[in-house]
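So you can see what is in the structure, the chains are spelled out below.
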Amino acid sequence: RTSSPSSKPPNNQVMSLEIDLRGRRALVTGASTGVGAAVARVLARAGCRVAGTGRVATDHPRAVELLGELGSEAIYLSGDLVDPEVPARLVNEAVAALGGLDLVVSNAGANCFHGADDTSEQDWHDCMELNLASHWRLARAARPHLAQAGPGVFLVMTSNHSDHTIPGCFPYNVAKTALTGLVRALAIEWGPRIRVVGVAPGFIDTPGNQAWFDSFPDPAAERRRTEARHPLGRIGTPEEVGHLCAFLASPLCGFMTGNTLLMDGGRAALMQDD
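Residues numbered from 1 in each chain as written. Predicted model: local features only at pLDDT ≥ 70, side-chain atom pairs only at ≥ 80, totals over all residues. Heavy atoms only, no water.

## Topic: the environment of E227
Thinking step 1. Structurally, E227 is set in helix 7 (residues 219-228).
Thinking step 2. Classification of E227 as partly exposed rests on a relative accessible area of 21%.
Thinking step 3. For the pair E227 and G265, spaced 38 residues apart in sequence, the C-alpha to C-alpha distance is 9.6 Å.
Thinking step 4. When sequence neighbours within four positions are dropped, the list of residues in contact with E227 reads G233, R234 and I235. (Helix = DSSP H or I, 4+ residues; strand = E, 2+ residues; numbered from the N terminus. Buried < 20%, exposed > 50% of the residue type's maximum accessible area, 1.4 Å probe, protein only. Contact = heavy atoms within 4.5 Å.)

## A short note on the nonpolar core
Soluble globular proteins tend to pack their nonpolar side chains together in the buried interior.
Thinking step 1. In this structure, L43 and V105 are the most contacted members of the largest nonpolar core, which totals 36 residues.
Thinking step 2. Counting residues per element, this core draws most heavily on helix 1 (residues 34-45), at 7 residues.
Thinking step 3. Counting 29 residues, the second largest nonpolar core, distinct from the first, contains L81, V91, V95 and L179. (Core = buried A, V, L, I, M, F, W, Y, C linked by side-chain atoms within 4.5 Å.)

## Some thoughts on the environment of G168
Thinking step 1. Its location among the elements puts G168 in the loop between strand 6 (152-157) and strand 7 (170-171).
Thinking step 2. Assessed through its relative accessible area of 37%, G168 is described here as partly exposed.
Thinking step 3. Distance from G168 to A221, taken between C-alpha atoms, is 21 Å for residues 53 residues apart in sequence.
Thinking step 4. Beyond its immediate sequence surroundings of up to four residues, G168 is in contact with F113, H114 and G115.

## Topic: the pairing of strand 3 (residues 75-78)
Thinking step 1. As paired strands, strand 2 (residues 49-54) and strand 3 are joined by 4 bridges and run parallel to one another. Residue A51 lies in a different strand from strand 3, and its bridge partner there is I75. (Pairing = 2+ DSSP bridges.)

## Observations concerning the sheet that holds strand 8 (residues 194-201)
Thinking step 1. Read from one edge to the other, the open sheet built from 7 strands follows the order 3-2-1-4-6-8-9, with strand pairing classed as parallel. Looking at the sheet topology across the chains shown, the edges are occupied by strand 3 and strand 9 (260-263). Across the sheet, the mean angle from the axis of one strand to that of its neighbour is 15°, orientation sign disregarded.
Thinking step 2. As defined by bridge partners, strand 4 (residues 103-106) adjoins strand 6 across 4 bridges and the pair is classed as parallel. Counted as the bridge partner of V104 is F154 from strand 6.
Thinking step 3. Running at roughly 170° to strand 1 (residues 25-28), helix 1 makes contact with strand 1, strand 2, strand 4 and strand 6 of the sheet.
Thinking step 4. On the sheet, helix 4 (residues 121-149) packs against strand 1, strand 4, strand 6 and strand 8 and is oriented at approximately 160° with respect to strand 6. (Axes fitted to C-alpha atoms, helices over the stretch in contact; angles between N-to-C directions.)

## Considerations on the pattern of salt bridges
Thinking step 1. Summed over the entire model, instances satisfying the criterion amount to 13 salt bridges.
Thinking step 2. Linking E239 and R41 is a salt bridge whose minimum nitrogen-to-oxygen distance equals 2.8 Å. On the criterion of sequence distance, the pair formed by E239 in helix 8 (residues 238-249) and R41 in helix 1 is long-range, its members being 198 residues apart.
Thinking step 3. Each member of the salt-bridge network shares a partner with another, and the members are R41, E69 and E239. (Salt bridge = Lys/Arg side-chain N within 4 Å of Asp/Glu carboxyl O.)

## A closer look at helix 5 (residues 172-190)
Thinking step 1. Helix length check: helix 5 (19 residues) gives 26 Å between terminal C-alpha atoms against 27 Å at 1.5 Å per residue, within 8%.
Thinking step 2. Taken residue by residue, helix 5 has Y172, N173, A175, K176, L179, T180, L182, V183, L186, A187 and W190 as its buried positions. Looking straight down helix 5, one finds that the buried residues subtend no more than 165° of arc, so they occupy a single side. Exposed side of helix 5, more than 90 degrees from the buried face: I188 and E189 are the residues found there.
Thinking step 3. Summarising the contacts, the buried residues of helix 5 are in contact with strand 5 (113-114), helix 4, strand 6, strand 7, strand 8 and strand 9. (Expected span 1.5 Å × (residues − 1). Arc of directions from axis to C-beta.)

## Focus on the packing of helix 4 against helix 5
Thinking step 1. Following both chains from N to C, one finds helix 4 and helix 5 inclined at 15°, their axes separated by 9 Å at the closest point. Comparing their axes, helix 5 and helix 4 come out roughly parallel. In terms of crossing hand, the pair formed by helix 4 and helix 5 is right-handed. Two secondary-structure elements touch here, helix 4 through W124, C127, M128, N131, L132, H135, W136, A139, R140 and R143 and helix 5 through Y172, V174, A175, K176, A178, L179, L182, L186, E189 and W190. (Parallel < 35°, antiparallel > 145°, perpendicular 65-115°, else oblique. Left-handed = near helix turned anticlockwise from the far one by under 90°.)

So, in structure tokens, the structure goes:
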């Protein structure tokens, strides 16, 4: 069921999500805020039992709020995925709590924007550890559990910067581009027991994007300019990314693997800005 064409985001209180993921067990990283929190909420509404992870402690208000939204069978796990030991720990704790894993949404990441000539060795290392290496470590830890699910699904959150970019977004754009290669490689080597798909959102209305708007002298004006550069006349919502993830995780997308889907409101279709 689809809504009528509109430049406004859907009303998620009345929108019917006709995807049934009951009985599925999902791990969502970076779930304490933004896109990750929305993905976790949508999956829970579709019937998933969800383990959400984040850097904040388990008693942090965001973690408590998330658990309240996800239902009684959900759990929250705290850990910094930059630590090479943490991805395997989070997977093991999620499996112990949920009894297995059918779906992983490897979402955790952070902006790391510099000019190519201004990027330090530490900037490069920090960006690649979180925005690239942590996804691989999480995938490696989750593989045996997803393979048992038959087929399990591993979704990788990349970015529209993997498809096209602008100056001053280095090395974030490099890491996100590399994730598309990770998606292809794992899909080839881990099929048919595991499907691997990338999701590449563009401008999404998250605290991170608001922080970017706030870096301009007139944040409201910059938001309006950004919205006007999208054929849809707006930026996306975190819930829309969640709906896409739920669809990709469902049997409706059983023939999709090795691809990265760009979700940018038509932004990449424009040849140039005003």
